[in-house]
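Residue-level structure breakdown
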Amino acid sequence: MEYTQLGRTGLKVSRLVLGTMNFGPQTDEATSHAIMDAALDAGLNFFDTANVYGWGENKGRTEEIIGSWFAKGDGRRDRTVLATKVYGNMAADGDAWPNHDKLSALNIRRAVEASLKRLGTDHIDVYQFHHIDRATPFEEIWQAVDVLIQQGKVLYAGSSNFPGYKIAQANETAARRGSVGLVSEQCLYNLFERRAEMEVIPAAQEYGLGVIPWSPLHGGLLGGVLKKEAEGKRRTEGRAAATLADPASRAKLQAYEDLLDKHGLEPGETALAWLLTRPGVTGPIVGPRTPEQLTSALRALEVELSEEVLAGLDEIFPGPGPSPEAFAW
């Protein structure tokens with residue numbers, strides 16, 4: 001396993017991040033535990049979750065599954081860099097009271113205590129804001145986080161789905177307070193969706209945040225979806241189905257699969273390996289539903305992409321270019 005520093009911190013994390021969103025809704029507890037054991041055995045030490053995972057009436061279930069895994073002992077918690085998130089409303093559906101969501105000091109305090117209880121731990125390594133909160137000033141957010149850091153309940157703070165200007169605003173406010181500020185940004189970033197290259201990733205690099213891409217296969221579209229579709233192995237739905245219905249997008253995916261077939265590369269592994277070559281990227285999140293999917297993801301660490309392949313990928317999926325050149329002279 002390869003390791004790197006998380007942004008400007010001294011924290012060492014694996015170049016792949018284990019995403020746990022499927023634990024509970026799609027993967028039962030026993031299989032989830034097996035996947036986490038296999039990840040740790042492979043040296044993957046960075047696990048990502050969120051308080052709302054489990055969804056619907058089961059919000060918090062994913063954190064509980066991780067907590068029951070930690071309870072097995074054998075150094076599981078000590079070897080894991082644990083990241084979770086706050087923002088979503090955790091009240092029961094139909095009972096959403098004010099102050100049960102977003103980033104007020106009140107909700108941050110409430111959400112941390114609830115996550116710690118579900119996770120069965122005394123601290124969260126990276127506490128991430130799942131979305132921007134336009135109604136709460138960063139002075140209040142950092143006041144709440146600083147207290148948690150002083151109490152030892154949180155070690156670092158990160159963001160998710162933040163635009164570049166909010167990363168700057170958050171860290172400038174933190175600097176004025178003498179606070180550490182954000183150390184990571186979790187954003188939508190993959191070959192198909194490269195808009196983060198315009199401002200989010202440059203802002204993260206400028207302020208020393210590690211970049212953690214989510215949806216590295218773009219909902220499975222970069223995992224060889226056309227070949228699987230032709231073989232009857234996959235049925236697409238939702239956003240993926242809408243993308244495949246677009247002739248231009250489908251043509252790009254066909255060119256992508258043809259290029260990789262020419263070079264003897266697997267699509268899913270290549271999409272992950274490409275992210276590992278990108279400036280500023282700490283490691284993409286992989287969200288396996290089965291141990292076999294984790295094994296496939298780990299193989300991406302061994303994939304070396306030639307200049308010819310990288311150039312071909314850029315031709316098929318051109319990036320937007322940096323800001324402001326992407327939209328100005």
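Residues numbered from 1 in each chain as written. Predicted model: local features only at pLDDT ≥ 70, side-chain atom pairs only at ≥ 80, totals over all residues. Heavy atoms only, no water.

**What to know about the packing of aromatic side chains**
Two numbers describe a pair of aromatic rings. These are the distance of the centres and the angle of the planes. As enumerated under the stated definition, the model contains eight aromatic pairs in all. When the centroid spacing of 5.9 Å and the interplanar angle of 65° are considered together, the rings of phenylalanine 129 and tryptophan 142 count as edge-to-face. Of the two residues, phenylalanine 129 is situated in strand 6 (residues 124-129) and tryptophan 142 in helix 4 (residues 138-151); the sequence distance between them amounts to 13 residues. Overall, phenylalanine 129 belongs to the buried group, its relative accessible area being 0%. When the centroid spacing of 5.6 Å and the interplanar angle of 50° are considered together, the rings of phenylalanine 192 and phenylalanine 317 count as tilted. Of this pair, phenylalanine 192 sits in the loop between strand 8 (182-188) and helix 6 (200-207) while phenylalanine 317 sits in the segment after helix 12 (307-316), placing them 125 residues apart in sequence. Phenylalanine 317 gets classed as buried once you look at its relative accessible area, which sits at 3%. (Phe/Tyr/Trp six-rings, centres within 6.5 Å; stacked < 30°, edge-to-face > 60°. Helix = DSSP H or I, 4+ residues; strand = E, 2+ residues; numbered from the N terminus. Buried < 20%, exposed > 50% of the residue type's maximum accessible area, 1.4 Å probe, protein only.)

**Notes on the nonpolar core**
Phe129, Trp142 and Leu313 are the most contacted members of the largest nonpolar core, which totals 56 residues. With residues near it in sequence (within four places) discarded, tryptophan 142 still touches Phe129, Ala157, Ala170, Asn171, Thr173, Ala174, Arg177, Ser179, Gly181 and Leu182. Core analysis: the next-biggest nonpolar cluster, separate from the first, contains 23 residues, Ala39, Leu44, Ile65 and Leu301 among them. (Core = buried A, V, L, I, M, F, W, Y, C linked by side-chain atoms within 4.5 Å. Contact = heavy atoms within 4.5 Å.)

**Quick word on helix 12**
Along helix 12, the residues that are buried comprise Val309, Leu310, Gly312, Leu313 and Ile316. Each buried residue of helix 12 lies within a common arc of 160° when the element is viewed along its axis, so the set occupies one face. Those residues of helix 12 that are exposed and angled more than 90 degrees off the buried face are Glu307 and Glu315. Here the buried face of helix 12 lies against helix 9 (247-262) and helix 10 (267-276). (Arc of directions from axis to C-beta.)

**Considering the pattern of salt bridges**
For the structure shown, the criterion picks out 16 salt bridges. Lysine 85 is the salt-bridge partner of aspartate 48, the closest N and O atoms lying 2.8 Å from each other. With a gap of 37 residues between them, aspartate 48 in strand 4 (residues 46-48) and lysine 85 in strand 5 (residues 81-86) connect regions that are remote in the sequence. Here the salt bridges do not stand alone but share partners, grouping Arg194, Glu197, Arg278 and Asp314 into one network. (Salt bridge = Lys/Arg side-chain N within 4 Å of Asp/Glu carboxyl O.)

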